[in-house]
Amino acid sequence: MAYTSDYAAEEPSRASVDAMDGITVLEFGAPWCGHCQAAQPSLQRALTSREGLAHLKIEDGPGRPLGRSFQVKLWPTLVVLRDGAVVARLVRPAANEIEHELGRL
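(A) Fine view of the sheet that holds strand β4 (residues 85-91). The four strands lie next to each other as β2-β1-β3-β4, forming an open sheet whose pairing is mixed. Each edge of the sheet is formed by a strand with only one pairing partner; in this case those strands are β2 (53-59) and β4. Averaged over neighbouring strand pairs, the angle between their axes works out to 20° when direction is ignored. Sheet analysis places strand β1 (residues 23-29) next to β2, joined by seven bridges and oriented parallel. The partner of Ile 23 across the bridge, within β2, is Leu 53. In the packing of helix α2 (residues 34-48) onto the sheet, contacts are made with β1, β2 and β3 (77-82), and the angle to β1 comes to roughly 170°.

Each value, and the rule that gives it
Residues numbered from 1 in each chain as written. Predicted model: local features only at pLDDT ≥ 70, side-chain atom pairs only at ≥ 80, totals over all residues. Heavy atoms only, no water. Pairing = 2+ DSSP bridges. Helix = DSSP H or I, 4+ residues; strand = E, 2+ residues; numbered from the N terminus. Axes fitted to C-alpha atoms, helices over the stretch in contact; angles between N-to-C directions. Contact = heavy atoms within 4.5 Å.

Quick look at the structure:
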């Protein structure tokens, strides 16, 4: 799986996210968020070209436990995991930051 355009219908549990193998990009945001919408073309370019990568788009907000467990405060926030461990965190990233961080992996 590479780029995912739709937010997940259900938020996964922290335990299931921590148990994921390989590289996973968690994207926290909201469909109505202007910053999130503006980031989509850059995210799509960066993620579509990556094989063996999972992208989970998580709608965040008050009372959403997964975002709180990663201390998400601004959108979009990208949390990059390798085998369940956080290896990078990007808050409102510029296009070049996304490419740079994913390129390091």
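Moving on, there is more to tell.
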